[in-house]
Amino acid sequence: MAQRAALNDVRAQVGWLQNATRTASRYPSGVDMLWQQFQALRNSYVNFSLTLTPGQISAGANDLAELSAGLDILQESFSNYQGDLANGRAPATALAELCQILREASRVWLQEFNQDSSRLRIGY
Amino acid sequence: MIPIFLTSCYETSRTRGRFPIVGSLALVAVLLMAGCASKTAVQDVRPPGSGIAEYRQIASSAQVAVQAALKALVRVKVQTNGCSPQALAALSNQVHRLQVDSLKVRARSQALLVRGDAYFDQWHEQMARIPDSELRSLAETRKPQLQESFRKIKSLSQEGRAAFDPFLSELRQIRNLLEKDVGSVGIDNTQDRIRQAADNGNHVERCLVGITHELDAMQAMVTPLANSTKN
């Protein structure tokens, strides 16, 4: 039950992150909004990991390592954004790109997450 | 505040503090737990051996993205009278695509490097569950060769990952320069950057080709002779 709830929470957090990528450009603190939402997703994934049974962890160790690595890579987009600003890129353009990359990449990550969860019978 | 022990070596001095790259707490937790987990009940339900084909597919997709980015770079390089809006838009688009389309292969490479031999062991264990006894026996007798191919893939992944970061960084900087001044394509500094980016991009592509080649070799090792001649 807790596992199912944690699974749904990760999915919901990806949804919130994707919503934030659609609205962030309207706010001066748009990037902070994205960062907070991304960290909420990371925390949610940590909580999800803690609900897995030893058998699921063992059978899915490779997949789970890839999901974690995927989050690390998604987070690199924020550093790239900062790098672009430091190189003099227009903030609005840099933010628009960050939003688009986070939106598309988090969709790819969610597909993997759903696939792995189903393979490992998580939340059943 | 993010604890300092979670920050990775990718963190740059400019991004430090605000957006540090955080090492994955989840990964640490999962890997620690994986080490002491009992092997009970749960089994991966994907068809045994499908991992090779899956990895091959994500490596090929990343290769397509790298090739497209390199092509866009060449198109920019030859624009001697200022970069055309079309060439710049194509480069921007490919820089964007590269970041998204390489996500899976980068994540797999990272997982493979973090888990090392444990990654191979888990994959090989999965092969041991193949119902076909001939295939199972092939996977067992050819374990040393499979392991050797895996080591090569691991090494190529590390090499590719090391070349990918500067490749992407150079591409972004070239795009940023051209967004500010399309005429800057003609100056030596930009041309040097383009050359450097192309070198790194070609290096990444060679690594991906090498990975695909090793995956094909692994696939052949676990394919019975009768099947391989049929195909």
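Residues numbered from 1 in each chain as written. Chains lettered and ligands numbered in written order. Predicted model: local features only at pLDDT ≥ 70, side-chain atom pairs only at ≥ 80, totals over all residues. Heavy atoms only, no water.

Asker: Explain the overall build of chain B residue by residue, including any values.
Answerer: Counting its regular elements, chain B contains nine helices and zero strands. Order of helices (α) and strands (β) in chain B, N terminus to C terminus: α-α-α-α-α-α-α-α-α. Looking at chain B residue by residue over its 231 residues, the buried ones come to 48%. Across chain B, every contact between residues at least 6 apart in sequence was considered, and the portion connecting residues at least 24 apart equals 76%. If you sum the accessible surface of chain B, you get close to 11400 Å²; carbon and sulfur atoms cover 55% of it. (Helix = DSSP H or I, 4+ residues; strand = E, 2+ residues; numbered from the N terminus. Buried < 20%, exposed > 50% of the residue type's maximum accessible area, 1.4 Å probe, protein only. Contact = heavy atoms within 4.5 Å. Areas by Shrake-Rupley, 256 points an atom, 1.4 Å probe, with all protein chains shown as cover.)

Asker: I'd love a proper account of the overall build of chain A, names of residues and values included.
Answerer: Helix and strand counts for chain A stand at five helices and zero strands. Along chain A, helices (α) and strands (β) appear in the sequence α-α-α-α-α when read from the amino end. Evaluated residue by residue, chain A yields a buried proportion of 61% over its 124 residues. Across chain A, every contact between residues at least 6 apart in sequence was considered, and the portion connecting residues at least 24 apart equals 75%. In the structure as shown, chain A presents an accessible area of about 4700 Å², 52% of it carried by carbon and sulfur atoms.

Asker: Just give me the short version of helix α5 (residues 91-119) of chain A, but keep the residues and values in it.
Answerer: In an α-helix, one turn spans 3.6 residues, which is why side chains three or four residues apart end up on the same side. The end-to-end C-alpha separation of α5(A) is 41 Å, in line with the 42 Å expected for 29 residues at 1.5 Å each. The positive-phi residue at the C-terminal boundary of α5(A) is Arg121(A), with phi of around 55°. (Expected span 1.5 Å × (residues − 1).)

Asker: Let's hear about the packing of aromatic side chains: which residues, and what values?
Answerer: This model, assessed by the stated rule, comprises 10 aromatic pairs over all chains. By way of ring pairs, the aromatic residues Tyr45(A), Phe48(A), Trp109(A) and Phe113(A) are connected into one cluster. The aromatic ring of Tyr55(B) is capped on one face by Arg108(B), whose charged end is 5.1 Å from the ring centroid. (Phe/Tyr/Trp six-rings, centres within 6.5 Å; stacked < 30°, edge-to-face > 60°. Lys NZ or Arg CZ within 6 Å of the ring centre and 35° of its normal.)

Asker: Can you tell me about the side chain of Arg108(B), naming the residues and giving the values?
Answerer: Residue placement: Arg108(B) occurs in helix α4 (residues 103-115). Within the structure, Arg108(B) has its side chain in polar contact with the side chain of Glu66(A) (distance 3.1 Å). Dropping the residues within four chain positions of it, Arg108(B) is found in contact with Glu66(A), Gly51(B), Glu54(B), Tyr55(B), Ile58(B) and Tyr119(B). (Polar contact = N/O pair within 3.5 Å; in protein donor to acceptor, adjacent residues only side chain to side chain.)

Asker: I'd love a proper account of the nonpolar core, names of residues and values included.
Answerer: Judged by nonpolar contacts, the single largest core of 51 residues is most densely connected at Leu91(B), Leu98(B), Phe167(B) and Met218(B). When contributions to this core are tallied by element, the ones reaching two or more residues are α2 (50-77), α3 (85-101), α4, α5 (117-127), α6 (133-141), α7 (143-180) and α8 (188-221) of chain B. With residues up to four places along the chain from it excluded, the contact list for Leu98(B) reads Ala65(B), Val66(B), Ala69(B), Phe164(B), Phe167(B), Leu168(B) and Leu171(B). The next biggest cluster of nonpolar side chains, apart from the first, holds 41 residues, and it includes Leu41(A), Ala59(A), Ile101(A) and Ala107(B). (Core = buried A, V, L, I, M, F, W, Y, C linked by side-chain atoms within 4.5 Å.)

Asker: So what's going on with unusual backbone geometry? Residues and values would help.
Answerer: Residue and element names in this part refer to chain A. Located in the positive-phi region is Arg121, a residue other than glycine, with phi close to 55°. Structurally, the position occupied by Arg121 is in the segment after α5. Here Arg121 falls in the partly exposed class, since its relative accessible area comes to 43%.

Asker: Can you explain the pattern of salt bridges? Please cite residues and give values.
Answerer: Considering all chains together, one arrives at 25 salt bridges over all chains under this definition. Notably, a salt bridge pairs Arg42(A) with Asp72(A), separated by 2.8 Å at the nearest N-O pair. Here Arg42(A) is found in helix α2 (residues 30-50), whereas its partner Asp72(A) is found in helix α4 (residues 61-86), with 30 residues between them in sequence. For the residue pair Arg42(A) and Asp72(A), the accessibility class agrees, reading buried in each case. With a shortest N-O distance of 3.1 Å, Arg97(B) and Glu104(A) are connected by a salt bridge. Separated into two different chains, Arg97(B) in helix α3 and Glu104(A) in helix α5 make up a pair that spans both. For Arg97(B), a relative accessible area of 26% corresponds to the partly exposed category. Because the salt bridges share partners, they merge into one network encompassing Asp63(A), Glu66(A), Asp116(A), Arg119(A), Glu54(B) and Arg108(B). (Salt bridge = Lys/Arg side-chain N within 4 Å of Asp/Glu carboxyl O.)

Asker: Describe in detail the confidence of the model for chain B, supporting the description with residues and values.
Answerer: All names here are of chain B. For chain B, per-residue confidence averages 81 on the pLDDT scale, and 76% of positions sit at 70 or higher. Ranking the elements of chain B by mean pLDDT puts helix α1 (residues 25-36) last, at 44, and α3 first, at 96. pLDDT under 50 marks residues 1-40. Its contacts with residues more than four places away, or in other chains, come to 73 contacts. Here the complex is predicted with pTM 0.85, and the ipTM for its interfaces comes to 0.94. (pLDDT = per-residue confidence, 0-100.)

Asker: I'd love a proper account of the environment of Val100(B), names of residues and values included.
Answerer: By the secondary structure assignment, Val100(B) is in helix α3. The sequence separation of Val100(B) and Gly186(B) amounts to 86 residues, and the corresponding C-alpha distance is 29 Å. Apart from residues no more than four positions distant in its own chain, Val100(B) is found in contact with Ile101(A), Glu104(A), Ala105(A) and Val108(A).

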